[in-house]
Structure formats: C-alpha cells, structure tokens
Amino acid sequence: MTLLEITDLQTQFETSEGRVHAVDGVNLSLEANESLGIIGESGSGKTTIAKSIVRLLPDNGEIVDGEVRYDGDDITEYSDRQLRKQIRWNEIAVIPQNAMNGFDPVYTVGDQIVEVITAHTDTPNDEAMERAKSLFQTLGIDEDRVHDYPHQFSGGMAQRAMIALALALDPSLLIADEPTTALDVMIQDRILHRIQELQDELDTAMIFITHDMSVVSETCDKIAVVYGGRIVEFADTETIIKNPRHPYTLGLRNAFPSIMTDDQDLVSIPGTPPPLLEPDEGCRFAPRCPFAEERCWSETPQSEPYGDGNTIECHRADEHERIRPEASKSETWREQEEVIEADD
Amino acid sequence: MSNRQHEPASTTNSLADQVRRGWSTFTALFGNDRLGQIGLLLLLGFIFIGAFAPFLAPYDPGEMNRDDQGDILRLDGPSTDHLFGTTQLGRDVFSQVIVGTRVSLLVGVSAATMSVFIGTNVGLISGYKGGYVDDVLMRITDIAYALPFLPFVIVLVVILGADIMNIIIAIALIQWRSTARVVRSQVLSHKERPYVESAYAAGAGDLRVMYRHILPNVLPLVFLYAALAIAWAIIAEASIAFLGFGDPELHSWGQMIYDAYNVDAIRFAYWWVIPPGMSIVLLAMSVFFVGRTLEQITNPELRHRE
C-alpha cells in the first residue's frame, strides 16, 4: 500500500534576490514499512523536500505546486490545525539534525515525551511517563534518565532520546534528517542499527535524509538522488550502489571510500552545486558533467522509468553501459575540472 | 556528567522532589553571594515588619501625642517614649515608618507584578507574531518610552484621584515598557531555535509554543526585571508622595518626607527625615541585591546542579 505519494512538488523561497526553486518538480512514492534514503549535496533541496511533507517551511518558503498524498489524502490542502492535530507526530514524526538542540532546555526529557503523548492522546500523565521509560529502555538508555534535562545527555544519548520522542505516538512515517551527522562513526553505527531494528519491529516507514552514501546503503530499501531540487535518479539501493545510471550518482559513488577495494582513488565531483535562483532550461548537472552534450544545455531532461519502478533523469541514460566505466575513472572528472576552470 | 547524582528511581516529579530541587537552586544561587544574602535578609526583615506592622508599631501613626501637661508633643526629638521623635502634629515617627513599610511593599509588589505581566505578554506576542502586530505593539512601547514619568503620573492622579491603586496603575503603565522590549528581543532569538521547530514538528500550535516553550525560557529574565521593577516602583511611589500627589490617607515614607518639608522642618528635624529616607534606600537596595543574584538564573545549568 502506498503510504506517501509526492507528485510534482515545487517548493520555492522568496528571497531578496528572487525566487529560489529549492524543490522543483519532485516525484516520490513510499510504501508502508519501506525505507527511503534521500541523498544529495548540501543545498540540493533534500531537507526542503522533508520539510515540505510536514509543511515546516520557514516563513519565506511556500509549496507552489504539487501534491503530497499521505494515505490517499492530499495533505498540502490541509489547514494548519488539521495538519497539527492529525498528521504531525501521530502520523509523521521528524528526527531533527541536531537532537541536542531539539529538546526544550527547561523541561526534563521525560516531561517532553509525556507532553507530546498527553497533547495528542487522552493518556493520563503517569501512563505516559511509563511509556517514556519503556521507550528509553527500547533505545538502550537507563530509564531513570527520563528525569534528566537535555544538557545532561551526551550527543549520542540525546539523539537516541530524540528517537524515543519520535516513536512516542507510534508514527507510520519517520523522517530522519541527517540523524547521525553530528556523531562519531561508532555511535553512528549503533544508532543506525537501532533505527533499522526498530523499523522492522514497529512496521514504520522511514525517510532518511543524508549526504552520506554509506548511511543510506546500509539502512534503506530505496534511494533517491537529489540534485538541484530534482530527483535525478530513483532506484532500489542495490541498483544505486552497483549500477547507477546518472553521471551524478556515478560521481557521488566515487567520492566515498569503499572497504572492498583498497586501491580506490577518491574523486570528488568538480564544481559547485547550481544556484537555484530562477533556473534556466537544461540539465542542472550539465556544467559539472563530463558527459554533457549539446542538448543537455538546452533541454531539461524528463524523468524516464526503467526497471521495476526506478526512474532516471538524464538525456544519455541509454548509454549508461558505456558511461559507467568512464565515470569510474578519475581522469574523466579531472578533465572536467579543467574544463570548468577554463570557463571561469 | 560525573558530578551528577542519580535521583531515587521511584520518585517521579512529586511535590517533595520539586521542593527539594527548588531548595537546591536557592542555595546554589545565594550560597556564595554575600550581597545577595544581605539583600535577602533585609528584604525578609521588611516583609516581617510589613506583615506585623500593627503589632510592632507602639502608637497609632495618626495619633497626636501629648506630654504630661496635655500639650501636643510637636517636633520632639528621639527619646525612650518616641524612638524616632515626633512630627509637627505630635505623631510618632517610629510608628509611621513601620506602617509605611506596608505601603512601599504593596506598591512595589503590585506595580511590579502588573508591569511585568503587561510587559512580558506584549514582548512575547510582539516578538513571536512579528509583522504588523510587532509594529503596532512596539510603537505603543515607544510611546510609553516617550512619556515622562512624573508629569504622566501627576496628570493621571489628578484625573483619577490620589488613591494608592491609581498610583500603582500609573507606575505599571509606564514601567512595562522595558520588560516588553527585553522580552521581545529574547523571543526573537528563541523562536528560531531548533527546539521550537521540534515543537512545531510535534504538532504544537502557536499558543503552546509561546507560553509553554518560549515563555519558560525567557522567564529568568522576567524575574530579574520584576525584581528591578519592585525597587523602581518603591522609589517612584516615594517621589510621587514627596511631591504631594500621594494618597493622603496613607502613611507612606515619601509622604512623611513631604510632610516634613511642608512644615519647613526638613532642615533640622533629622529624626523625622532620616528614618523614612533610609528605609526607602534600604528596601530598594535589598530588592536590587536579590535581583542581581536572581540574574544568575539566566544560566540554566545552575538551576539543577545537585
């Protein structure tokens, strides 16, 4: 059953320099109990996609077009009140980037879990506190620590407490916005495993937003690669990791070390992410793409389906068999870097 | 978190627990602060005097005392009968000072409560809502800033009558302005913090975010301003009374100095002027000292160090 279906989502920000098309025609769908990774560079619009779903955009941001269907209902049509009472937290919970600051410093963590439970349901206080304690146990935190204030927690513990808070109402969808970015690798791994286990146990769908390929490859069933406010490639994890078709995904893959091959050269993608201010026609990746042709500059590629529900947005997607070996060579990208520098 | 002691597991947020936590905050705050201790001691002294004024005052402050011959004891210096001497009308200065404590405390506490209540709400709504609400409220605050205090109070008292309640209202109507501005600036910073966004994500509405999440975070500042407002209101009431616009039915400290001035006794009848004058200074000072100590609460870690 499709839990979340996003169609042609467009979110823009009004700034002093003009309208920023942060999300520009995004299509996504997520089944119940499925986990989806959204991966992209900083400023690619991945967080904006997440914030558009629960409509937590800053004041200058606005969903100008598109639908977000949750359980069949278009929640972009919901009033603020409806969204607050029916969707936020009971249905969709968000784990923020920096859990440490995500808690209100003046209340104990337990009180904050109790608040969210009693605000949404008729649960009496003491039962809610029991629930908070059992959530703490589930996440491997000493249950007495519900009486502690957020600043008394370490980073990893605060992140786990935040997950406990997110799970307080048994949401059907959990959105984790770079939930482990601020943590060291050991803790990161523990938390990721815990999230995965919980997801299996609780039958929750997940959206994982990250810039870390290794995080999504471990935890997600499907991956959406975001570039310039669009989803350039969407496929199951195995396809994205092993046989991606988009030059950007290929480039991203090169930028992450693999434990399996020890003589791998790490290559970054030359250039910078595109400005999203009133974008022109043409593929947004063209300026950084070593495989760009004439039409890549003049025509915006449209999303083409392939395989089992996968999509790709590239004019040269058909040639992926030939492009893939080229893209794994570091020379290809170095040459492109020289092209970009020559243009400047 | 090594210095942190585990609380007994069974007690949740019971009343005893809260009291204990409150007490530890209190000792942490005042334990190492000599000025704060002095202030607190003085303040408690004044509160005690105010609370039991009718029992502590040896005479009725309005009673004209007479000597053995039946003449009124006018401007009699300090003696064993009249500790601080008597006034022009033979009234006991000591008793007046004691009864006057009540007026000062009443004015201080109620004017401060009112002004901080108005100021906090104006600042909270203004900072949180922004836009034209902010504009309108802040222009009103600017107007309050532009009003000169004494002329405003005098006009108000003339129109409404020299009643102590009117004086309190007049003080509060001027004083909320500083709290409003400071609270607004704090709210502006707090409303952008991640915990507020988390609260929205969790389904909190505007009112809950404002009063349950942002307000407690700016509350320490509000307390500090309340303490300062008390001291300021006490001085303000004394000034108004000294200028002759006070409530004539009350024996306030300012009123006493005004009376002494009025009968030209202010230059020699030190026993009539110094006690109320010193009382104003000491009470205002004690509140300032306590306020200064309370300022430390702005550091949240201090509040639950155990």
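All chains use their own residue numbering, which begins from 1 and follows the written sequence. A letter from A marks each chain and a number from 1 marks each ligand, given out in the order of writing. Where totals are concerned, whole chains, interfaces and linings use all residues; where local detail is concerned, this predicted model gives features only for residues with pLDDT of at least 70, and gives and counts side-chain atom pairs only at 80 or more.

A look at the environment of B:G161
Structurally, B:G161 can be placed in the loop between α6 (149-160) and α7 (164-190). Along the sequence, B:G161 and B:F245 sit 84 residues apart, while their C-alpha atoms lie 9.2 Å from each other. Each helix corresponds to a stretch of at least 4 residues labelled H or I by DSSP, and each strand to a stretch of at least 2 residues labelled E; elements are numbered beginning at the N terminus.

Brief notes about the nonpolar core
Any nonpolar core is a set of buried residues, restricted to Ala, Val, Leu, Ile, Met, Phe, Trp, Tyr and Cys, that join up through C-beta atoms within 7 Å. Partly exposed residues are those falling between the two cut-offs: more than 12 but fewer than 20 other C-beta atoms within 10 Å of their own, whereas 20 or more means buried and 12 or fewer means exposed, with C-beta atoms placed from the backbone. With 170 residues, the main nonpolar core has A:I113, A:F208, A:V225 and B:A233 as its most contacted residues. A total of 22 residues in this core trace back to one element, the largest contributor, which is helix α9 (residues 206-242) of chain B. Those residues in contact with A:V225 that lie beyond four places of it in its chain are A:I39, A:G40, A:I231, A:V232, A:E233, A:I240, A:H246, A:Y248 and A:T249. C-beta atoms are placed from the backbone for every residue, and two residues are taken to be in contact when these atoms lie within 7 Å.

Some words on unusual backbone geometry
Residue and element names in this part refer to chain A. In this model, D170 sits at a positive phi of 50°, which is unusual for a non-glycine residue. Tracing the chain through its elements places D170 in the loop between α6 (155-167) and β7 (173-177). A count of 11 C-beta atoms within 10 Å places D170 in the exposed class. One non-glycine residue with positive phi stands out, namely D203, at about 60°. With respect to the helices and strands, the residue D203 is situated in the loop between α7 (185-202) and β8 (205-210).

Some remarks on the UniProt feature "transmembrane region" (unreviewed entry) in chain B
Residues and elements named next belong to chain B. UniProt positions are given in the numbering used here, feature names are shortened, and annotations may be inferred rather than shown by experiment. Sequence positions flagged by UniProt for "transmembrane region" (unreviewed entry) are, in local numbering, residues 38-57, 103-125, 145-174, 218-245 and 269-290. Within residues 38-57, the helical portion is 90% and the strand portion 0%, while the C-alpha atoms at the span's ends are 24 Å from each other. Within residues 103-125, the helical portion is 100% and the strand portion 0%, while the C-alpha atoms at the span's ends are 33 Å from each other.

Brief notes about the sheet that holds β7(A)
To summarise the sheet geometry, strands pair through backbone hydrogen bonds and adopt either a parallel or an antiparallel arrangement. Residues and elements named next belong to chain A. A pair of strands is treated as paired once DSSP finds two or more bridges between them. The sheet built from eight strands is open, its strands ordered β6-β7-β8-β3-β9-β10-β12-β11 with mixed pairing. Whereas interior strands pair on both sides, the edge strands pair on one side only; in this sheet they are β6 (92-95) and β11 (304-306). Neighbour-to-neighbour, the strand axes of this sheet turn through a mean angle of 25°, independent of strand direction. Relative to strand β9 (residues 222-227), strand β3 (residues 35-39) runs parallel, the two sharing four bridges. Directly across from G37, in β9, lies its bridge partner I223. For helices, the axis comes from a line fit to the C-alpha atoms of the stretch in contact; other axes are also lines fit to C-alpha atoms, and the angle between any two N-to-C directions lies between 0 and 180 degrees.

Re the environment of A:T123
All names here are of chain A. Tracing the sequence through the fold places T123 in the loop between α4 (109-120) and α5 (125-138). By C-beta crowding, T123 is classed as partly exposed, having 17 other C-beta atoms within 10 Å. When the C-alpha atoms of T123 and E326 are compared, they prove to be 60 Å apart, with 203 residues separating the residues in sequence. Those residues in contact with T123 that sit more than four places away from it in its chain are I117, T118 and A128.

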